[in-house]
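Geometric and topological summary
Chain by chain, the residues:
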Amino acid sequence: MIEIEELTKKYGSAVVVDRLTFSVRPGRVTGFLGPNGAGKSTTMRILLGLAKASSGTATIDGQPYCELRDPLRQVGALLEATPVQRGRTAYRFLLALAQTHGITLSRVEEVLDAVGLSSVAGRPAAEFSLGMRQRLGIAAVLLGEPSTLILDEPTNGLDPAGVHWLRNLLRAQAAEGRTVLVSSHLISEMALTADQLVVVGRGRLLADLPMAELTSGHASLEEAYLQLTGDAVEFSGGPR
Ligand SMILES: Nc1ncnc2c1ncn2[C@@H]1O[C@H](COP(=O)(O)OP(=O)(O)OP(=O)(O)O)[C@@H](O)[C@H]1O
């Protein structure tokens, strides 16, 4: 379980995460939505120990990320810019991760197969397309069979078959009892993937509701989302 409590992050005088409180429970997919600049990535980065909170707490199974005993087996994380070492093949990238965490070689082959990259595993990852790199990042997430998955915009660059595949994968991971937090701007895709939705705007919590409750009285999740976040949109294009 992920628990965010009174989390605040300031950059100078700007409050980008503002006393945010919510929990992400196991056994369901929780979508993390909000306009550009709402603080989703910052919240995820703090959760993963990559940025420091100004105040408040963010824990996974009761502990801050940096205190987890076996992070790769407890948490699989995909951030927007997951680095892949240049020149390394996909196979070697995963192998290095596996070896430093006592994970078997057969698991590397299993995840390459699961993400559909077996046939290109010997190619340098630097030559991969955006979607292929995203698949490799997802392979790394799955490697340690973690009980918590945290994914920032995982559909980025995926083709329609990839988006469909990822949806089934996330739903299956949740059905197996895992905690799954996934941010996305693809609202129609989230409508098909998520069970619970956490919506933020300007760093603040706007909603934390099951899909059916959030969409109740609206024609679609998109309509509900746009109404909810209308006052929290900072960057929007006007008519030309
Ligand atoms: N290192 C930083 N220094 C200063 N400001 C930052 C830094 N990182 C993020 N911010 C600011 O924090 C705010 C929240 O950014 P964040 O990336 O968390 O939003 P987001 O909800 O993930 O947005 P998007 O949907 O566009 O990815 C933005 O105004 C951003 O400019």
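Residues numbered from 1 in each chain as written. Predicted model: local features only at pLDDT ≥ 70, side-chain atom pairs only at ≥ 80, totals over all residues.

Some thoughts on the nonpolar core
Burial of nonpolar side chains together is a common tendency in soluble globular proteins. How we decide: As used here, a nonpolar core is made of buried Ala, Val, Leu, Ile, Met, Phe, Trp, Tyr and Cys residues. They are joined through C-beta atoms within 7 Å. Exposure in this text rests on C-beta crowding, where 20 or more other C-beta atoms within 10 Å of a residue's own make it buried, 12 or fewer make it exposed, and counts in between make it partly exposed. The C-beta atoms are placed from the backbone. What counts as a helix is a DSSP run of H or I of at least four residues, what counts as a strand is a run of E of at least two, and both are numbered from the N terminus.
Counting 61 residues, the largest nonpolar core has A90, L94, L112, L117, L136, A139 and I150 as the members making the most contacts within it. Residue contributions to this core peak at seven residues, all from helix α5 (residues 130-143).

Some details on the sheet that holds strand β2 (residues 14-24)
How we decide: Two strands pair under a simple rule: DSSP has to find at least two bridges between them. Orientation is described by lines fitted to C-alpha atoms, with helices fitted over the stretch in contact, and by angles between N-to-C directions that extend from 0 to 180 degrees. In this description, any two residues whose backbone-derived C-beta atoms lie within 7 Å of each other are considered to be in contact.
If you trace the three strands from one edge of the open sheet to the other, you get β2-β1-β4, paired in antiparallel fashion. The outermost strands of the open sheet, each flanked by one partner alone, are β2 and β4 (55-60). Between one strand axis and the next, the sheet turns through 20° on average, direction left out of account. Pairing analysis gives five bridges linking strand β1 (residues 2-11) to β4, with the strands arranged antiparallel. Across the sheet, E5 pairs through a bridge with T57, a residue of β4. With respect to the sheet, helix α1 (residues 40-47) is in contact with β1, β2 and β4, its orientation differing from that of β1 by roughly 115°.

Here's the deal with the sheet that holds strand β8 (residues 196-201)
If you walk across this open sheet you meet the six strands as β5-β6-β7-β3-β8-β9, and the pairing is mixed. Bordering the open sheet on either side are β5 (75-78) and β9 (204-210), each of which pairs with just one other strand. Across the sheet, the mean angle separating the axes of adjacent strands is 15° when strand polarity is ignored. One ladder, built from four bridges, connects strand β3 (residues 28-33) with β8; its direction is parallel. Note that in β8 the partner of F32 across the bridge is V198.

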